[in-house]
Amino acid sequence: MKELLYGAAYYDEYMPYDRLDKDVEMMKKAGINTVRIAESTWSTCEPQPGIFDFSHVERVMDAMEAAGINVIIGTPTYAVPTWMVKAHPDVLAETVRGRGIYGARQIMDITHPVYLFYAERVIRELMKRTAHRKCVIGFQVDNETKYYGTAGKNVQEQFVKYLREKFHDDLDALNYEFGLDYWSNRINAWEDFPDVRGTINGSLGAEFEKFQRTLVDRFLSWQADIVNEYKREDQFITHNLDFEWRGFSYGVQPDVNHLHASRCLTIAGTDIYHPTQDDLTGTEIAFGGDLIRSLKQDNYLVLETEAQGFPGWTPYKGQLRLQAYSHLASGANCVMYWHWHSIHNACETYWKGLLSHDFQENATYREAYIIGNEFARLGEHLVNLKKKNDVAVLVSNEALTALKWFGIQNQAPGAAGNGGIGYNDVMRWMYDTLYRMNVECDFIWPESENLDQYKAIVVPALYAAPDELLIRLNQYVENGGTLIASFKTAFTNENVKVSHQVQPHILKNCLGVHYDQFTFPKKVGLTGEIISKKNSSSEAKVFMELLVADGAEVLASYEHCNWKDYAAITRNHYGKGQAVYIGCMTDEDTLKAVYKAVLPEADVEIPEYHYPIIVRKGTNDLGKTIRYFLNYSAVELEMPYEYKNGEELLENTSVEKGAALQMPAWGVKIVEEA
Amino acid sequence: MKELLYGAAYYDEYMPYDRLDKDVEMMKKAGINTVRIAESTWSTCEPQPGIFDFSHVERVMDAMEAAGINVIIGTPTYAVPTWMVKAHPDVLAETVRGRGIYGARQIMDITHPVYLFYAERVIRELMKRTAHRKCVIGFQVDNETKYYGTAGKNVQEQFVKYLREKFHDDLDALNYEFGLDYWSNRINAWEDFPDVRGTINGSLGAEFEKFQRTLVDRFLSWQADIVNEYKREDQFITHNLDFEWRGFSYGVQPDVNHLHASRCLTIAGTDIYHPTQDDLTGTEIAFGGDLIRSLKQDNYLVLETEAQGFPGWTPYKGQLRLQAYSHLASGANCVMYWHWHSIHNACETYWKGLLSHDFQENATYREAYIIGNEFARLGEHLVNLKKKNDVAVLVSNEALTALKWFGIQNQAPGAAGNGGIGYNDVMRWMYDTLYRMNVECDFIWPESENLDQYKAIVVPALYAAPDELLIRLNQYVENGGTLIASFKTAFTNENVKVSHQVQPHILKNCLGVHYDQFTFPKKVGLTGEIISKKNSSSEAKVFMELLVADGAEVLASYEHCNWKDYAAITRNHYGKGQAVYIGCMTDEDTLKAVYKAVLPEADVEIPEYHYPIIVRKGTNDLGKTIRYFLNYSAVELEMPYEYKNGEELLENTSVEKGAALQMPAWGVKIVEEA
Amino acid sequence: MKELLYGAAYYDEYMPYDRLDKDVEMMKKAGINTVRIAESTWSTCEPQPGIFDFSHVERVMDAMEAAGINVIIGTPTYAVPTWMVKAHPDVLAETVRGRGIYGARQIMDITHPVYLFYAERVIRELMKRTAHRKCVIGFQVDNETKYYGTAGKNVQEQFVKYLREKFHDDLDALNYEFGLDYWSNRINAWEDFPDVRGTINGSLGAEFEKFQRTLVDRFLSWQADIVNEYKREDQFITHNLDFEWRGFSYGVQPDVNHLHASRCLTIAGTDIYHPTQDDLTGTEIAFGGDLIRSLKQDNYLVLETEAQGFPGWTPYKGQLRLQAYSHLASGANCVMYWHWHSIHNACETYWKGLLSHDFQENATYREAYIIGNEFARLGEHLVNLKKKNDVAVLVSNEALTALKWFGIQNQAPGAAGNGGIGYNDVMRWMYDTLYRMNVECDFIWPESENLDQYKAIVVPALYAAPDELLIRLNQYVENGGTLIASFKTAFTNENVKVSHQVQPHILKNCLGVHYDQFTFPKKVGLTGEIISKKNSSSEAKVFMELLVADGAEVLASYEHCNWKDYAAITRNHYGKGQAVYIGCMTDEDTLKAVYKAVLPEADVEIPEYHYPIIVRKGTNDLGKTIRYFLNYSAVELEMPYEYKNGEELLENTSVEKGAALQMPAWGVKIVEEA
């Protein structure tokens, strides 16, 4: 990519009156150079089956091309038109709650031949009209695709075929691995396979979810194949991968295996939404960016992020700009808002765009104007930022799903559902603490083969994992790596079958601990050398394994009348490396102390700065080191600049080592080392 | 009406043994002069299809006629007999949750021909037997009618016909107004019209609810037409209109347009239930009474209110009497309890009547005895109280429904559903503050043409309104009126399409403010001249618009690092009038300060008394001013009597201006000016 | 029984590898002498319809027989195989939420002929293979049977037949008793009988639940009849009756009438699960044991209780042993764990057995080892403990169900559902207070004829009761008994029809009080002689009747401005006895004061010891008094031994009257009087 993309989704279809020329004018003024169009607009593009009307698409391309604005074409398939559902009611996904009712997007069965037939036809028609256009720089296939709980008869029959293949038609193997004998769930003939939606067996349930995730991979690569038939070589294929949604982008997407789904893309894209105002921390921008960048180990596109967003997110002065540079600091080459204008009807009326409903310049637009013009001025210094991180976080869809089932399986009052704590809470606890310490990291997956590239690997709650992966992790330590693994790691195999070996199974070797009981902590403190006396709130949270050190150094023990003899956190030297085990969830300060105790030995640098000052770095196309300084607070801060002399790009001033950087509230500095 | 009606619903059908003579004796002793019968008793009146048995009705009429007690006949149609559902299962309404199961009342499809066929027959049979009876003074058609969520195929097909008419068969117009292009919901052929139950489009959803409300109008006027064929001229037709239910009568009924539904009635009726014991404030009695009185701008009937009510409502000494006079003080000519005796089975066993299950005289009955005899003695002074209020509150079903959709559209955590705040919360915040200041008011509706009759109009959250209404409101101010409008007013048109003009749209003229952003307040204080230093709890709540005064006087601004430059509450002089805009929800004291700042200029009197002393007034049939003094507290209070000399009716003593009135705990005084 | 049974459920079917010999070895070491097998394993025993494979059962019997370990055979019927549901989807129960989906156990219609056909065949096959085996000491029919909400057409048609019989085909009688006239629910022809699942009539609803409970009785006795055809005379038939589940065994099982269901058993069995760690109190062990022992007034089997249980229940040191002896102290002859080993898949993976997933000796196993060897050594002193208690608690399924409907009928906010308080909360409030005072008791039921055997009878919330029972309770007092009845007692008859007599109906005589109103207390204190000044938290809770003493002594009155003239707790002398009425729920101290005020007069001994020291006693097979001293606390306590000289069995030391017993944390002493 040659320039930073700055833009917004644009819907000519939703306009209350003809705005196109005025909008282009306002875009140009604000430095916007890219729009995404057509996504979700099926009922406009194909008003009746086989009758196409791409006039909105055409006129927007015309206008943008004339104005020199790039266009990304989104296929319109993530919301189905009324005529399709009226004629074929069963294109709506049948989930555990039955078949849905027409209305929302993302409610169809993405495996249904009727849906696929119509989807293919409209994509081809759209491609024919857009692929050759100069302004069109790439395509987004579908939008935020998931499997929407699809679990009808057709899907379940595919699942049985999938299992027959996985188990080589060996029912005994399936019954054994999934433990189906329990509560008479044993399947003694393939034709007896029950409705999987009611299963109480976590192995079967998790496998079904894994299978459902493959439907997303297949659907996206099927779309990408069609697009590939038409697109020019210089045009990209992307998709906006999203995250577990907790009212904002929170963690690993449970319903999509990002690594697999992104294989068919030429560049990874994402949408990142996050709290703002007093709750803006930059964490989701960093987390989402680090994860999406790691998929292809390359720069990525932020295809959607909030402009004004929800009414509760209306940004404070400076925040929109801080956010934009934070995306770049993670390696994004593109920042696009959802969306240009606020819409006047329907369920996202208050997911507000750059412009409010009145289309006037407002405070948010005026800040975009600053950003857009800075991007244009500084783009060549900021585009294609490359990173080389020492730390990786290992994430796993399988572990996420399995840990959810673990929560379902804890049926005691208070404990059920792990006290509301899921996989992503553990992952974010480990990631966020690194973020706040300014230790940058990549993400890796169970399939990743580049373990040795990292000085340290952080492993949150890898509850389900194949032996093969555990062996590689053990080997990684032996080879000199630093492993920091949390509770629940290595407990079950990839089929969510609990190991009948002493825990933590294969990792027992490198970790130098074992345990045969665990519980949920109630008023259990932590004590030990790394626990600061000042941290009186140090306690075991939610999870708690009763560790017995087999040679490992005990970093912290439990403070409790009955559990005081057990270790809570240990560190073991093994081979050329070290391995840390954290047997319970803790407060942030305790985890920080663990990181500080072990990362330096792994030769990982821990900067002096910490949140709310965030420092992120990389190398630009000019081969120079770029360092972003981000003030995630409402107060002005002063910080010493401790790096090589360089130039602050935004204000175009030189900065010397040891000088003081003034960081305004919600402010940004970007220093390019000389 | 010549006398006050005092009475109870009476169900001979539910008696465990023959009580009729004993009950009539106890009624006479307590001064009860009216009973309502037959309502809900279909399965007794028509035990098998076409087989009628009105013996309970006949014997009660005989006994009441002999005793000189009036009878109101309720048609029995609000609960269907088992035989009807057994033979025609589809008379049960199909709602968004599917078709119901027999059991509760109010679960049928009030548009279903089978239901209407049987309903008409039983009403005609009942009318034949009752209309000519001397004791029968009027009829209640059905009971607390709503549409019960009915949304089956037949109802949806009617809805499409209704839309074709509304939009003159112009689908483009419909798609445009409702913004259906969003998420591919565009309807390109009428036959593609989707199941509306799943819609995510607030415009379509709100229109369907408006359509469903018309079903209630049609059903009630259909019943009234039948009754009209039989009834004598001196007999009335009424209905008990009820309110949004929050465990008690709370606000505007979302499922009925009271103004439209009451057109077929000769006198408005209502039921009002409210908390009691420590939570008795009189607010619901005043609110419900003011609203129902305003429908026909005339006196009304309280057809149901609690005697003992729920176990948690067992009244304290004096409360039953205080309540009864509070109804009269709002203009009621009738106070009837639901119901005479507590029933011994089924789901309202503990909605207790005047008598407990043992039928003995109890504390509540003994207080009714006092009331009944006072009513008889003072009736000619109290009946037909007429009011002339200076203030009106504008309420709108359309705004209520649309604001509910606004809540659905705010999807951010914490903010979704407007923090639990709906239209009626805003309306009650504005109404209740007036009530506690003893500023009496009427209600008006979007269709009301008597705006100029009022010195001030209070407009809570008129989120959806046609331009025509906004123009009239603007004109009202220009003509000299005082308008007090809250946040969200004028935001969308009658089709819940957000205006693309600068907000607050047409009212910008009279209000002298505009805004293009809004948010939800978090720890945002209020500051300004009208904000008392003593009111340290003054803060913006739930809603918060970032107002920019265009000439308006700023009564209060936001206290917040980022929002401090925006106005919160403004007042503007426009034409001969003034217009106040309140950009955020506030505590009661702040709103009181706003009222105090602007109502005197509108020449609206604000009495010295305030809650817990409530003062309500009117003119009686003798042309004299009647003033009720109501002590809504558990302590005895003394208050100066600041009006013309008069006579306290209950104790038959003269009262002079400047004298002290002793108000016992939960006590009442009624002064007739000389 | 000759020896204490100590054991665990054992599932060879669920093993990840062949463990049988190793397990037997570990069992023998730990003193385990009994296993329960085959329960729930239908899909393993009968892999395809009519194809049987009992190899797991056979090989376990072989191994156990060789090792001298007893076997209890459980019929496998409480979870159905996939093939049955695939072929006959309608064997799954249709409940008020529709028909279920395959997966969980306990979801079939236990009246369905298809299910019964297959169940009978597999039971017969199992019996043929097991009944003659030496090691097999008894059979458990099904497991934790309930009716699973079954309410399909077939079940409802049976219900109508049941009602026709109950009411001798007299519909008027049914309509009268159930009060069906209300809301037009009257049934005027049997063929009009509506779907009972939607009923809003508590009488009809409660009767249906009572009918559904009879399905459990019929199902279990049908299984017992089959087993009886095969079993030897020395083999028992049992069932594990369970309790209302609130994450642990809480109270009377709503879905089973234990007294009726246990008639077909030769010995009562149960499962008792309870909180542990800091929340271990022994209450559930005592409550469950007292109730199950009372069914047949004989010793009983604890067929399941937790070893490690949920992760949150991992026992503290000493707790497993304390629990085991607490079961014996209630009269259990058997303590069996669910289960031997923790399972590696499915939804009870974390309901952990004696062994963790790694099968190693762990802390819990090591404590079982101590228990097992003590049981073996002391069994003849501890087995067949007989009790003679002075106090009985009267419980009733009908009252439980009816009070649930009472809660549904209180529709006011906050009060609905009785503030979350159900029948079992009241029962446990009255039982638990006795437990903590070390007053041991039996349970009795409405049908029990042994009232006169008790010095005092405690009656919690007997909201629904036939007159016949109330007459007997009144007579019991007249004859010299002490009755302690709570609020809500005697309010409705057995058909949940509220009495139209003055309350508390027939018991008014012995209680010497009446009331005609009641409410829910809000900040209502209690005052009176028995209310200690120190107990400032004494207040009326949830329920509150406004009592008027008719000769009864007032033990406590309400402290409240409006209710101060009403009594809250009264005691009346009547005939040769006394009767106490508690008109409101209270804190524990107040109830304790009531017990202390009246039990001594009834000649019931109240020990000096109280919780956390629990003392339980009985007579052993040697005719000697055995007394258990249980320390339910985490601290060591010293207590004086105030009984006759004896021998402490566990430590084999003599104990003299007046000596001090040292009670370790979670410790046990057992003294056999000389």
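By the naming in an unreviewed UniProt entry, chain A is beta-galactosidase, taken from Blautia acetigignens. The Catalytic activity (unreviewed entry) comment attached to chain A in UniProt states, word for word, "Hydrolysis of terminal non-reducing beta-D-galactose residues in beta-D-galactosides." Under Sequence similarities (unreviewed entry), UniProt gives the following word-for-word description of chain A: "Belongs to the glycosyl hydrolase 42 family."

Draft legend 1. Main features of the interface of chain C and chain B. Listed per partner, the contact involves 51 residues of chain C and 57 residues of chain B. On the chain C side of the contact with chain B, Y182(C), W183(C) and S184(C) bury the most area, a combined 17% of that side's loss. Between the two partners, chain C and chain B, sit zero salt bridges. Between the two partners, chain C and chain B, sit 32 residue pairs in polar contact (both at pLDDT 80 or more). Looking at the side of chain C that touches chain B, the elements that each hand over two or more residues are α7 (171-178), α8 (202-230), α13 (397-409) and β19 (518-519) of chain C. The dominant element in the side of chain C that touches chain B, judged by the number of residues it contributes, is α7(C), at three residues. Residue classes in the side of chain C that touches chain B are distributed as 21 nonpolar, 20 polar and ten charged.

Draft legend 2. Main features of the relation of the copies chain C and chain A. Mapping chain C onto chain A leaves a residual RMSD of 0.1 Å; the transformation is a rotation of 120° accompanied by 0.1 Å of translation along its axis. On this basis, the relationship between the two copies can be described by a three-fold rotation axis.

Draft legend 3. Just the nonpolar core, in detail. Core analysis: the biggest nonpolar cluster contains 660 residues, and W340(A), W340(B) and W340(C) have the highest contact counts within it. Beyond its immediate sequence surroundings of up to four residues, W340(A) is in contact with A8(A), A9(A), Y10(A), M15(A), D23(A), M26(A), M27(A), I32(A), G353(A), L354(A), L355(A) and Y365(A).

Draft legend 4. Main features of unusual backbone geometry. With omega at 15°, the peptide bond leading from Y611(A) into P612(A) counts as cis. Mapping P612(A) onto the fold places it in the loop between α17 (588-598) and β27 (613-619). Backbone geometry at N652(C) places phi at a positive 55°, although glycine is not the residue there. A relative accessible area of 54% means that N652(C) is categorised as exposed.

Draft legend 5. Spatial organisation of the pairing of strand β2 (residues 34-37) of chain B. All names here are of chain B. The two faces of β2 match: T34 and R36 on one face and V35 and I37 on the other face are all buried. Examined bridge by bridge, β2 and strand β3 (residues 70-74) share four bridges and lie parallel to one another. Paired with V35 across the bridge in β3 is V71.

Draft legend 6. Broad picture of helix α17 (residues 588-598) of chain C. Residues and elements named next belong to chain C. Of the residues making up α17, those classed as buried are T590, L591, K592, A593, V594, Y595 and V598. Contacts from the buried residues of α17 go to α14 (423-436), β16 (456-459), β17 (482-486), β20 (525-527), β24 (567-574) and β25 (577-582). The N-terminus of α17 is capped by D587, whose side-chain oxygen sits 3.2 Å from the backbone nitrogen of D589.

Draft legend 7. How the structure looks around the sheet that holds strand β27 (residues 613-619) of chain B. All names here are of chain B. Taken together, the five strands give an open sheet; going across it, the order is β27-β28-β33-β30-β31, and neighbouring strands pair in antiparallel fashion. For this open sheet the edge positions go to β27 and β31 (653-655), each flanked by a neighbour on one side alone. Shown here is a sheet whose adjacent strand axes are inclined to one another by a mean of 25°, direction ignored. In the sheet, strand β30 (residues 646-648) pairs with strand β33 (residues 668-673) via three bridges, with the strands oriented antiparallel. Along β33, the bridge assignment pairs E647 with E672. Relative to the sheet, helix α11 (residues 319-330) contacts β27, β28 (625-631) and β33, its axis offset from that of β28 by approximately 145°.

Draft legend 8. Structural view of helix α11 (residues 319-330) of chain C. Residues and elements named next belong to chain C. Between its first and last C-alpha atoms α11 spans 17 Å; for twelve residues at 1.5 Å apiece the expected length is 16 Å, and the two agree. What α11 keeps buried is the set Q319, L320, R321, L322, Q323, A324, Y325, S326, H327, L328, A329 and S330. Backbone geometry just downstream of α11 places G331 in the positive-phi region, at approximately 110°.

Draft legend 9. Structural view of the environment of L280(A). Residue and element names in this part refer to chain A. Note on placement: L280 falls in the loop between β11 (269-272) and α10 (283-296). Note on L280: relative accessible area 1%, which makes it buried. Residues L280 and P607, spaced 327 residues apart in sequence, show a C-alpha to C-alpha distance of 22 Å.

Thresholds applied
Residues numbered from 1 in each chain as written. Chains lettered and ligands numbered in written order. Predicted model: local features only at pLDDT ≥ 70, side-chain atom pairs only at ≥ 80, totals over all residues. Heavy atoms only, no water. UniProt positions renumbered as here; feature names shortened; annotations may be inferred. Contact = heavy atoms within 4.5 Å. Buried area = accessible area lost by both parts, 1.4 Å probe. Salt bridge = Lys/Arg side-chain N within 4 Å of Asp/Glu carboxyl O. Polar contact = N/O pair within 3.5 Å; in protein donor to acceptor, adjacent residues only side chain to side chain. Helix = DSSP H or I, 4+ residues; strand = E, 2+ residues; numbered from the N terminus. Nonpolar A, V, L, I, M, F, W, Y, C, P; charged D, E, K, R; others polar. Least-squares fit on C-alpha atoms with pLDDT ≥ 70 in both. Core = buried A, V, L, I, M, F, W, Y, C linked by side-chain atoms within 4.5 Å. Buried < 20%, exposed > 50% of the residue type's maximum accessible area, 1.4 Å probe, protein only. Pairing = 2+ DSSP bridges. Axes fitted to C-alpha atoms, helices over the stretch in contact; angles between N-to-C directions. Expected span 1.5 Å × (residues − 1).

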